[in-house]
Amino acid sequence: MSLRVAVVGSGPAGIYTAEALVKQSPGPVEVDVLERLPTPYGLVRYGVAPDHTSIKSIANYLQRVLELPQVRFLGGVTLGEHLSVEDLLSCYDAVVYCTGAMVDRRMGIPGEDLPGSVAATDFVNWYCGHPDVSPDRFVLDSPEVAVIGVGNVAVDVVRVLAKTAEELSSTDVPHDVLERLADSQVKAIHMIGRRGPEHAKFTLKELRELGELANADVCVRPEEAVVLGADFPRQIKGNIDVLQSWAAKPPVGRPRRLDVRFWLRPVEILGTDRVEGIKLERTRLDDDGRVVGTGEFETLPVGMVLRSVGYQSVALPGVPFSERTMTVPNEAGKVRDREYVAGWLKRGPTGVIGTNKSDAAETVRTLLADQPSGGQASIDDLLARRGVTPITYDDWLAIEKAEADLASSLGRGARVKLVGLDAMLSAFRS
Ligand code: NAP
């Protein structure tokens, strides 16, 4: 008899888990990958920036896993809505939760909920065509925008804001979104780090790309590029060198300007009906290495604040969750009898996409060592009884084809994302 496993979530963690089950299992295995959206690949489709085509090509690898005979894609199926944990355990020997980190962390400052103060997760979903965010969600009508945080998501957001619509035209950005980017009034982008260049979370390759922007000058204040000490790991030393080289270079008058700022923390987002500015306090590290304010303030006249201060996971109905770590408590991937977790939901939103491969492999080793055995009920019968018709892998291929057709009809690249669930569903129902 085959080992039957449900993987909840079809992002990189879920699909690497399916692959590890097929590769590691000593006996036959059947894996169903359940996904609430009609489309697989999670963050690769809806998180990786559209102009990062080589990272996006990880989808080709994930596709080969979904095409393995032991693996089945069941889209449009939501845990907590269409079925419960108990249902899954009645149908499978084991369940692996891989739903990632879907919401933004909060900064906890006044004004954070004003219109115009936006979670980077929303903005990223917007330009990636996520069906949860409508293309008319954002109008880029402010000449100045602040992006809070100096991680790779902040760099992605800044790059999309700084590029011209022409530069993004060959990407898969939804056409309505591309038109809004073409109408952007943004002239100045301020990327704000609450600590120094040596503490920034972005990686060197991503930082260097900002220096290649054809449409924007990148500016760093020499006094903010100064670092104490010299003994840094190679990546950080690389970041510092790049930032210091920008600090030594005057702007050349490109249409947009990116100011990369350090040692400033947001204390209040200003405005009455919408964002009209952001108040920042200069910071330093105290003797314990904590960020503290110096009492010196600065206000930027921005009309939009993009909060890019990290993602966090959300609790799944019926699954243990730690509000302290915002992850599912686990031991090497094991949650409870026959329940496991992998990816960002297991360890928090860190690392690159490939990190999820070794993470999933660990969870699968734990699962296989347990030899879990349980439910014999049929998931197909259970979903049919509830009136749920899962979206199949072939349905997904029809969505992909419709996206390729749309791109060629618009004369834009290899794919243009369909926007909204209706457009996706009609791609295979027609
Ligand atoms: P991140 O790397 O954790 O960066 C978060 C940033 O927000 C840090 O600069 C952090 O500063 C700052 N921050 C946190 N709380 C703050 C607050 N209250 N006020 C001001 N600043 C605050 O998170 P991320 O950028 O969302 O990235 C998530 C993961 O995805 C990372 O592993 C990243 O490398 C990965 N990713 C990779 C790529 C790529 O490879 N191209 C692209 C996108 C994302 P402190 O350091 O001071 O806390």
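Source: prediction; values computed, not measured.

**A few points about the overall build of the protein chain**
Helices and strands together make up the secondary structure of the protein chain, namely 16 helices and 17 strands. Its C-alpha radius of gyration of 23 Å places the protein chain within 12% of the 22 Å reference for a compact globule of 430 residues. Dimensions of the protein chain, computed from the C-alpha atoms along their principal axes, are close to 70 × 55 × 40 Å. Within the protein chain, buried positions represent 55% of all 430 residues. A fraction of 75% describes how many contacts in the protein chain between residues 6 or more apart in sequence connect residues 24 or more apart. Carbon and sulfur atoms make up 51% of the accessible area of the protein chain, which totals about 18,600 Å². Taking the 49 positively charged and 59 negatively charged side chains of the protein chain as two groups, their mean positions are separated by 3 Å.

**Here we look at the pattern of salt bridges**
Counted according to the given criterion, the structure contains 35 salt bridges. As a salt-bridge pair, D104 and R307 come within 3.0 Å of each other at their nearest N and O atoms. Highlighted residues: D104 in strand 5 (residues 103-104) and R307 in strand 14 (residues 304-307), separated in sequence by 203 residues. The same class applies to D104 and to R307, which are both buried.

**Looking at the domain arrangement of the protein chain**
Domains assigned within the protein chain are domain 1 (3-102 + 313-391) and domain 2 (105-122 + 137-167 + 181-309). Computed from C-alpha coordinates alone, the two centres of domain 1 and domain 2 are separated by 34 Å. With 7 residues of domain 1 at the interface, the matching set in domain 2 holds 7 residues. Here domain 1 packs against domain 2, burying approximately 520 Å² in sum over the two surfaces, 44% of which is carbon and sulfur. Where domain 1 packs against domain 2, one counts 2 salt bridges. As a salt-bridge pair, K163 and D51 come within 2.7 Å of each other at their nearest N and O atoms. Taken together, the links from domain 1 to domain 2 amount to 4 residue pairs in polar contact (both at pLDDT 80 or more). Residue composition of the side of domain 1 that touches domain 2, by class: 4 nonpolar, 2 polar and 1 charged.

So, how was this worked out
- Residues numbered from 1 in each chain as written.
- Predicted model: local features only at pLDDT ≥ 70, side-chain atom pairs only at ≥ 80, totals over all residues.
- Heavy atoms only, no water.
- Helix = DSSP H or I, 4+ residues; strand = E, 2+ residues; numbered from the N terminus.
- Rg over C-alpha atoms; globule rule 2.2 N^0.38 Å.
- Buried < 20%, exposed > 50% of the residue type's maximum accessible area, 1.4 Å probe, protein only.
- Contact = heavy atoms within 4.5 Å.
- Areas by Shrake-Rupley, 256 points an atom, 1.4 Å probe, with all protein chains shown as cover.
- Lys, Arg positive; Asp, Glu negative; His and termini not counted.
- Charge placed at Lys NZ, Arg CZ, Asp CG, Glu CD.
- Salt bridge = Lys/Arg side-chain N within 4 Å of Asp/Glu carboxyl O.
- Domains from an automatic or database assignment.
- Buried area = accessible area lost by both parts, 1.4 Å probe.
- Polar contact = N/O pair within 3.5 Å; in protein donor to acceptor, adjacent residues only side chain to side chain.
- Nonpolar A, V, L, I, M, F, W, Y, C, P; charged D, E, K, R; others polar.

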